[in-house]
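So you can see what is in the structure, the chains are spelled out below.
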Amino acid sequence: CTETAKKVQTISQTVGSNVVRAMLKDKQITPFQAGLLRSLLGLPIEHPFEVVKTTLQSKPELCNTRNTIKLIYENSGIGGFYRGITMNGARYLLKNTTRTTIYISLTQKLGNTPQGALLTGPLMAALEIIVLCSLAH
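**Brief notes about helix H3 (residues 65–76)**
Here comes step 1: Look at H3: 16 Å from first C-alpha to last across 12 residues, which is about the 16 Å you get at 1.5 Å a residue.
Here comes step 2: Where H3 begins, the side chain of Asn 64 points an oxygen toward the backbone nitrogen of Arg 66, at a separation of 3.1 Å.
Here comes step 3: Positive backbone phi, approximately 70 degrees, marks Gly 77, located one or two places after H3.

**A closer look at the pattern of salt bridges**
Here comes step 1: According to the stated counting rule, one finds one salt bridge in the structure shown.
Here comes step 2: Note that Glu 50 is salt-bridged to Lys 53, the shortest N-O span being 3.5 Å. You can see Glu 50 and its partner Lys 53 sitting in helix H2 (residues 31–58), three residues apart, about one turn around the helix.
Here comes step 3: For Glu 50, a relative accessible area of 27% corresponds to the partly exposed category.

**Looking at a nonpolar patch on the surface**
Here comes step 1: Side chains of Leu 127, Ile 129, Ile 130 and Val 131 sit close together on the surface and give an oily, nonpolar patch of about 340 Å² of accessible area.
Here comes step 2: As for its position among the elements, Leu 127 is in helix H5 (residues 114–136).
Here comes step 3: Judged by relative accessible area, which is 32%, Leu 127 ranks as partly exposed.

**Overview of the packing of H2 against H3**
Here comes step 1: Relative to each other, H2 and H3 sit at 105 degrees, their axes nearing to 9 Å. One finds that H2 runs roughly perpendicular with respect to H3. Residues Val 51, Val 52, Thr 55 and Leu 56 of H2 form the contact with H3, whose participating residues are Thr 65, Thr 68, Ile 69 and Ile 72.

**Considering the environment of Arg 66**
Here comes step 1: Relative to the elements of secondary structure, Arg 66 occurs in helix H3.
Here comes step 2: For the pair formed by Arg 66 and Val 52, sequence separation is 14 residues and the distance between their alpha carbons is 9.4 Å.

**Quick notes on helix H4 (residues 85–110)**
Here comes step 1: For H4, with 26 residues, the first-to-last C-alpha span of 36 Å sits near the 38 Å given by 1.5 Å per residue.
Here comes step 2: The first or second residue beyond H4 is Gly 111, which carries a positive phi of 80 degrees.

**As for the side chain of His 47**
Here comes step 1: Tracing the backbone shows His 47 in helix H2.
Here comes step 2: The contact partners of His 47, leaving out residues within four places of it in the chain, are Phe 81, Tyr 82, Arg 83, Gly 84, Ile 85 and Asn 88.

**Examining the environment of Thr 68**
Here comes step 1: With respect to the helices, strands and loops of the structure, Thr 68 is situated in helix H3.
Here comes step 2: For Thr 68, a relative accessible area of 0% puts it in the buried group.
Here comes step 3: Along the chain, Thr 68 and Thr 54 lie 14 residues apart, while their C-alpha atoms are 9.8 Å from each other.
Here comes step 4: Excluding anything up to four places from it in sequence, Thr 68 contacts Val 52, Thr 55, Leu 56 and Leu 62.

Rules used in this analysis
- Residues numbered from 1 in each chain as written.
- Predicted model: local features only at pLDDT ≥ 70, side-chain atom pairs only at ≥ 80, totals over all residues.
- Heavy atoms only, no water.
- Helix = DSSP H or I, 4+ residues; strand = E, 2+ residues; numbered from the N terminus.
- Expected span 1.5 Å × (residues − 1).
- Polar contact = N/O pair within 3.5 Å; in protein donor to acceptor, adjacent residues only side chain to side chain.
- Salt bridge = Lys/Arg side-chain N within 4 Å of Asp/Glu carboxyl O.
- Buried < 20%, exposed > 50% of the residue type's maximum accessible area, 1.4 Å probe, protein only.
- Patch = residues over 30% accessible without salt bridge, like charges linked within 9 Å, V, L, I, M, F, W, Y side chains within 5 Å.
- Areas by Shrake-Rupley, 256 points an atom, 1.4 Å probe, with all protein chains shown as cover.
- Axes fitted to C-alpha atoms, helices over the stretch in contact; angles between N-to-C directions.
- Parallel < 35°, antiparallel > 145°, perpendicular 65-115°, else oblique.
- Contact = heavy atoms within 4.5 Å.

Interpretation in functional terms is not warranted from these geometric data alone.
Structure representation (C-alpha cells):
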C-alpha cells in the first residue's frame, strides 16, 4: 500500500506540476497560487491512499491492502475513503503551498543553473526543517 500510495502521489504531483508549470510560464499565476493549485489538484487523488495506509497501520489484523479497502468500502462506502480530508487537506495545503512557493522563489532568484540547483536543495531542506516541521508539530 505504501509503495502504491507513493506511486500515485508521484503521478498526481507530476500532473499537478505540469499544469502549474505551464501557468507559471505564461505568468498567469503567482508562486503562492501555484502551490495552492498544485495542492488542490493532488489532494482528491492522494487522500484515499492515505486513508487506506492509515487504516492498515492502525489495524494490522487486516493483513493487506485489499482487506483494508474492502473494510473501508463496506463500512462507509466511497465517502469512507475521504474521511478526515478536512484536517489532512489543511496540513497538505499548508505544506505544499509553502514548499512550492519557496521552491519557485529560490529557483527564480538563483537561476536555472547547476550552481542554483545545488543551492536550492539544501536551502529547501533547511527551510522545510525550520518552518514546516515546527508547524506540523
